[in-house]
Amino acid sequence: MQLIGLVVPADFEVSSFAPLSVFESANAVLGERRYVTRLLSSTGGAVSGSFGIEVITHPLGEPACDTLFVAGTGTASAEDDASDFLLEACDSARRIAATRRGTFALAELGLLDGRRVTAHWEFASEFKERFPQVRFEDDSIFVEDGSIWTSAGMTAGVDLAMQLLERDIGPAATQKVASQMVVGQRRYARHQQRPATTAFEPKSDRIQMALTHARANLRSALTVEEMADAACLSPRQFTRLFGEETGCSPARAVEKLRLEAASLLVSQGRLSIDVIAIETGFGDSERMRRAFQRAYGHSPRAMRQLADVRVNIG
């Protein structure tokens, strides 16, 4: 049996428990009690969450966990559990996973120095300011660096747990778990935390008009001149204002919109890869493949194969 420990801070969020459901479902699929879970805290005993829920925890220490999840909250209280007890538990675990502000707890212990990590997007600025020695990735839903995994939390904790499970039992059995949990589309590390349709949040109507035009015309070239015309601005004014309001260039924003639309079409499986590349403006499948590799770490065909396995299992 493999022990999955969840370090529960005061004021924890209910979503912190979501990753554990992946291992519970794995036991059902495997037909054996391969995984057992234990709730942990520095001293043990009752711990109250942010939603009025109270759980009973065991004290950190023996026995050692195979996988140790460090939960977080929506407030700065998440790193209160950063103690010698937690450090010892991390040292003895085969792998460590942090969700949401749990990444802060690991950073406080010095375990993340020089490593690549992520956390929920709303904490990005605070984390970078407090821990400049850590390599923070804004867009990824989870990040693996050696034995330490970090995620944005919320539903991204489930995505991280699925990947951990796949390392244990393989992709085919993991897809059966995803099917049982009614996980419509598995997301991998480089999937963005926020969909492109909501991540930009422009302040002016002009930039919103340009983005609306881009979404409706992905098949076209979508040059700066075309988008500037949709915004009723000169190309120079548009490029400057677009960067100020969205934090990225028009070209980067268009690629994100194309990737989002293409990944949905690929997973649906109704159109060929070549047709999707044309319809979403990549022009050809090779260009789309390179964009997928940069963004997601795998090709459109690999994404479709995973979707096909899920459908066949379902």
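Residues numbered from 1 in each chain as written. Predicted model: local features only at pLDDT ≥ 70, side-chain atom pairs only at ≥ 80, totals over all residues. Heavy atoms only, no water.

Trainee: Please clarify how the overall build of the protein chain should be interpreted in this entry.
Mentor: Within the protein chain, the regular secondary structure consists of 14 helices and ten strands. For the protein chain, the proportion of contacts with a sequence separation of at least 24, taken over those separated by at least 6, is 63%. By element, 51% of the accessible surface of the protein chain is carried by carbon and sulfur atoms, the whole surface being about 14300 Å². (Helix = DSSP H or I, 4+ residues; strand = E, 2+ residues; numbered from the N terminus. Contact = heavy atoms within 4.5 Å. Areas by Shrake-Rupley, 256 points an atom, 1.4 Å probe, with all protein chains shown as cover.)

Trainee: Just checking my understanding: could you explain the sheet that holds strand β4 (residues 54-59) for this structure?
Mentor: The strands making up a sheet are joined through hydrogen bonds of the backbone, oriented either antiparallel or parallel. Overall, mixed pairing links the eight strands, which are arranged β3-β4-β2-β1-β5-β6-β10-β9 in an open sheet. Among the strands making up the open sheet, the edge pair consists of β3 (45-48) and β9 (142-145). Across the sheet, the axes of successive neighbouring strands diverge by a mean angle of 30°, strand direction being ignored. Both strand β5 (residues 67-70) and strand β6 (residues 95-99) contribute to a ladder of four bridges, which runs parallel. (Pairing = 2+ DSSP bridges. Axes fitted to C-alpha atoms, helices over the stretch in contact; angles between N-to-C directions.)

Trainee: I would appreciate a short explanation of the side chain of Ser140 in the present structure.
Mentor: As for its position among the elements, Ser140 is in the loop between β8 (135-136) and β9. Of the residues examined, Ser140 reaches a relative accessible area of 8% and is grouped as buried. (Buried < 20%, exposed > 50% of the residue type's maximum accessible area, 1.4 Å probe, protein only.)

Trainee: Explain the nonpolar core to me, please; I cannot follow it from the model alone.
Mentor: It is characteristic of soluble globular proteins that their nonpolar side chains tend to be buried jointly. Counting residues in each nonpolar core, the largest one holds 31 residues, and the members touching the most others are Phe23, Phe69 and Leu165. If you list the elements that add at least two residues to this core, you get β1 (2-7), α1 (18-30), β2 (35-41), α5 (156-169) and α6 (171-180). The element best represented in this core is α5, accounting for eight residues. Discounting residues that sit within four places of it in the chain, Leu165 has contacts with Val22, Phe23, Ala26, Tyr35, Gly170, Thr174 and Val177. (Core = buried A, V, L, I, M, F, W, Y, C linked by side-chain atoms within 4.5 Å.)

Trainee: How should I be thinking about a nonpolar patch on the surface in this particular structure?
Mentor: A grouping of Val14, Phe51 and Ile53 is seen on the molecular surface, where their side chains present a nonpolar patch of about 310 Å² in accessible area. Here Ile53 is to be found in the loop between β3 and β4. In this structure Ile53 comes out as partly exposed when scored by relative accessible area, which is 36%. (Patch = residues over 30% accessible without salt bridge, like charges linked within 9 Å, V, L, I, M, F, W, Y side chains within 5 Å. Salt bridge = Lys/Arg side-chain N within 4 Å of Asp/Glu carboxyl O.)

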